[in-house]
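Notes for the structure review
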Amino acid sequence: MATNLERKLAELRASLRPGQQELADWQAGPLAVSAVPGAGKSYGMAVAAAITLGRQNLNRAQQLVIVTFTRSAATHLKQQVRKHLRELQLPLGGFTVQTLHGLALNIASRHPQLSGIHLDQVTLITPNRHHRLLRHCVEQWVADHPQMYQELLVRGAFDGEETERLRRQSVLRSDCLPELAAIAIREAKSSGLSPQQLYALAEQVQDEVSVLAIAAGLYERYQQLLQAQQLIDYDDMILAALQVLDNQSARQVWQKQVFAVFEDEAQDSTPLQFRLLNRLASHEVSKAKPNLVRVGDPNQAINSTFTPADPIFFREFCQQSQAQQRLATMNQAGRSSTIIIQAANFMLDWINQSQLAGQEQPFQPQTIQTVAKHDPQANANPAHEGRGLEIYTPEDVYQTADLIGQRVCQLLTDHPDANAAILVRENKQGSFLAERLNHPDQTVTLAAHGIDILDVGGGSRQTQVPFEMLTILQFLARPHSPKTLKAALQILVDRQLIPAQEVHPLASQPEIFLYPGPLEPPQSEQVQEARSFCCKLLRSRWELPHYRLISFLALSLKYNAAELATADKLAARLSQQVQGAPSMTTTLPILQELISAERFDPVDVEDVESQYLRPRQLTIITMHKAKGLDWDFVFLPFLHARIIPGELRIPAASQFLGPFSLAEVARAQIRANVHNQVPLPNVEEAWQRASDLKSAEEFRLLYVAMTRAKRLLWMSAAKQAPYNWNWFDWQRQTKLDKQPPCPVLRPLQAQFQSDQAPNSTPSRV
Ligand SMILES: Nc1ncnc2c1ncn2[C@@H]1O[C@H](COP(=O)(O)OP(=O)(O)OP(=O)(O)O)[C@@H](O)[C@H]1O
């Protein structure tokens, strides 16, 4: 007779759909699970983990290790597994959920002698420091290779003119070579190549510009500088963990402790990371095959232009697993309405056939299917809202914002429990929309309808706390400086603590603004409000002891719980560092240093992802960050060919080097080596491959973005849009240009909205 636990495990298994059940049935050996978006990968993995824990009776001495890509995904997964374990009345100690880097650091730091990672002696390099270190490598390389440097300087048509020489020097030293260092070092290091191996690789390519040799030289110096400064980077963590596992006795200890490894988002792992997981999941003593379960979607690989993660690796793993009958597929997805699923499938096939990514095939052929009749997911494949898929061609980006504002207002008023998001390709597009959506020029402003906007790219509000405190303290220290006053006023306006107004005229004459004499013209009501707020802040400087200032300012700025907690943490850190002598003179430089060295983390009181999904909120977020999340209504504006797929561009300033970028060429050559392609591509071929890879990845990004929508997918490409969003300043009315849409938009429109002429302007909603 089945025990109580067996019965409960069977019930839990029955709550899964077919592909998920295969995952839950796993008992030993390798398994690949390839799943479509919304299939329930993470959901299925949490249940499968709980079932494995129950079935195998795992505990602290022998654990299931679950790894995923981001910290927030790890937190979410851990909560889910715990929930199931509680329901099964099983102990919670038999598993861990970590990011790959967290796992690697854990292994490395437990064996400092083997890994060389002594946590009390080494520090993880911060982005700012990394940037400075790369510049330093470049200077050293230039000093050591005057001849090679000279050859770079005089490439193309060069008449020896001094100003041109200086210009080229500056471009090389501050842009091209640091960029080459950043990209080539990351690519080589996370593929497991040492500087010496990169030198050897350079020998294999006969190019007039020795890109890989330069990259190897920079890499060599980078490693030396890291070591000298006792710093490590993210790749060092993985390498150090592998070094530990190279040691037989350490390896056996770990392999004994790890029953199996479950990996989520496996399409995003680099070869080095895979090596680490595989080794950990192996059982050398029993000679059994690795207990490694890898779940992913090769069509959602969107990190290959940042890291050497490449959909090819996971595709290969799936193929090998299939040959051994160890591949499970999850094709049914319940997230989206049928029409949204059809649109995503159509887009995938159309792009693959279009050959728009040259030799690269962006997608593995796969069709998302709706779920079967009695699917366990409540409200699976929900009824669509509006047309379900709506594609528009507004006149310009301003009309786009207006249309989104109207539609969001209508949708979230009709469905107050629903949520919505605008997914953008660049943060600058997000900040434009965030500003426009509450601008008085809009037909409707969201704030007036009680709809919150969360602009994720604008930085979480907590992360702005140190900067805001510094700015206000600087103003308190020097209230008569136009610069400090202006910065403080801007914060007050942004935080909506004083009426929105142009701050420059107020700040240009601080004395008159703060202390107007009887002969000055009377101040308007909004200026008076601003003045009285500033004067209240200024009084605090004289009336409060210095150490109380930050808490007072935090309250005055009406901080929420997370921001208050962050301000408290900041105050505690400052008082510790000023060592009993708190004053403006001691505090300001320390605060400045904390901000520029990025040595202060804000306090999060809420799971970060749940902040993005609140009902009656419009979240503005990049397509990259939206991965793994979903919303009822998803808006994808600004889908222009220049952005998706876009193209690799060579800035005019560096065109003297040739029609390619050093960094992209090095990346493509290293990548070719990782994929065992011989001979390695020359500069022109490498540039072409880099360009194909970029296009393929952009199309996958669009696929990820489209599949975030549950009930309405709204897409648009305005006829007139900025040529380059980075230069676009709508307040100064930067000129717009005619921009063609992303190539798949018209075919989508023709397929799904044949009643709506492709170029028609949307009717007002
Ligand atoms: N068996 C199931 N029973 C109930 N709900 C489910 C089931 N499987 C998945 N879901 C729900 O489907 C939604 C999508 O699941 P999940 O986020 O795990 O998908 P995913 O495959 O990781 O998606 P993506 O790859 O697109 O990010 C979630 O809301 C999840 O709760």
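Per chain, the residues get numbers from 1 upward, laid out in the order the sequence is written. Whole-chain, interface and lining totals are the exception, using all residues; otherwise, since this is a predicted model, local features are given only for residues with pLDDT of at least 70 and side-chain atom pairs are given and counted only at 80 or more. For the side-chain quantities, the full set of heavy atoms in the structure was used; hydrogens and water were omitted.

Starting at the N terminus, helices and strands are each numbered in turn, a helix being any DSSP run of H or I of at least four residues and a strand any DSSP run of E of at least two. A count of helices and strands for the chain gives 31 helices and 16 strands. Using C-alpha atoms as the atom set, the radius of gyration is obtained and then compared with a globule rule of 2.2 Å times the number of residues to the power 0.38. Taking 765 residues into account, the globule formula puts the C-alpha radius of gyration at 27 Å, and the chain, at 28 Å, falls close to it. Expressed along its principal axes, the backbone C-alpha trace of the chain runs to roughly 90 × 70 × 60 Å. Any residue under 20% of the maximum accessible area for its type is buried, any over 50% is exposed, and the rest in between are partly exposed; the area is computed with a 1.4 Å probe on protein chains only. By residue count, 53% of the 765 residues in the chain fall in the buried class. Contacts: residue pairs with any heavy atoms within 4.5 Å of one another. Taking the intrachain contacts of the chain between residues at least 6 apart in sequence as the baseline, contacts between residues at least 24 apart amount to 78%.

Turning to helix H25 (residues 561-577), a few remarks are in order. How far a helix is expected to stretch is found by multiplying one less than its residue total by 1.5 Å. The end-to-end C-alpha distance of H25, which contains 17 residues, comes to 24 Å, matching closely the 24 Å that a straight helix rising 1.5 Å per residue would cover. Taken together, the buried positions of H25 are occupied by Ala562, Glu563, Thr566, Ala567, Leu570, Ala571 and Leu574. Where H25 is buried, its residues contact helix H19 (465-477), helix H24 (549-556) and helix H26 (584-596).

Moving on, we come to helix H30 (residues 683-706). For H30, built from 24 residues, the straight-helix expectation of 34 Å at 1.5 Å per residue is met to within 8% by its first-to-last C-alpha distance of 35 Å. Pairing of N or O atoms within 3.5 Å defines a polar contact, subject to two protein rules: one partner must be a possible hydrogen donor and the other a possible acceptor, and residues neighboring in sequence count only if both atoms are side-chain atoms. Sitting at the head of H30, asparagine 682 places a side-chain oxygen 3.2 Å from the backbone nitrogen of glutamate 684.

Here we come to the packing of aromatic side chains. Describing an aromatic ring pair means giving the distance of the ring centres and the angle of the ring planes. Two aromatic rings, drawn from Phe, Tyr or Trp (for Trp, its six-membered ring), form a pair once their centres lie within 6.5 Å of each other, and the interplanar angle then sorts them: stacked below 30 degrees, edge-to-face above 60, tilted otherwise. Tallying each qualifying case throughout the model produces 15 aromatic pairs. On the numbers, 5.3 Å between centres and 55 degrees between planes, the contact of tyrosine 392 with tryptophan 714 is tilted. You can see tyrosine 392 sitting in strand E9 (residues 389-392) and its partner tryptophan 714 sitting in strand E14 (residues 709-716), a full 322 residues away along the chain. Neither residue differs from the other here; tyrosine 392 and tryptophan 714 are each classed as buried. Each member of the aromatic cluster is reached from another via a ring pair, and the members are Tyr398, Phe432, Phe638, Trp725, Phe728 and Trp730. Look at NZ for Lys and CZ for Arg. If either is within 6 Å of the ring centre and within 35 degrees of the ring normal, a charge sits over the ring. Above the plane of the ring of phenylalanine 533 lies lysine 536, whose end atom (NZ or CZ) is 4.7 Å from the centre. Across the ring face of tyrosine 723, the terminal group of arginine 642 is positioned such that the distance to the ring centre comes to 3.6 Å.

What follows covers the environment of aspartate 268. Structurally, aspartate 268 can be placed in the loop between strand E6 (258-263) and helix H14 (271-281). Residue classification places aspartate 268 among the buried positions, given a relative accessible area of 1%. Sequence separation between aspartate 268 and leucine 506 is 238 residues; the distance between their C-alpha atoms is 51 Å. Among the polar contacts listed, one links the side chain of aspartate 268 to the side chain of asparagine 303, at a separation of 3.2 Å. In terms of polar contacts, aspartate 268 uses its side chain to reach the side chain of lysine 627, at 2.6 Å.

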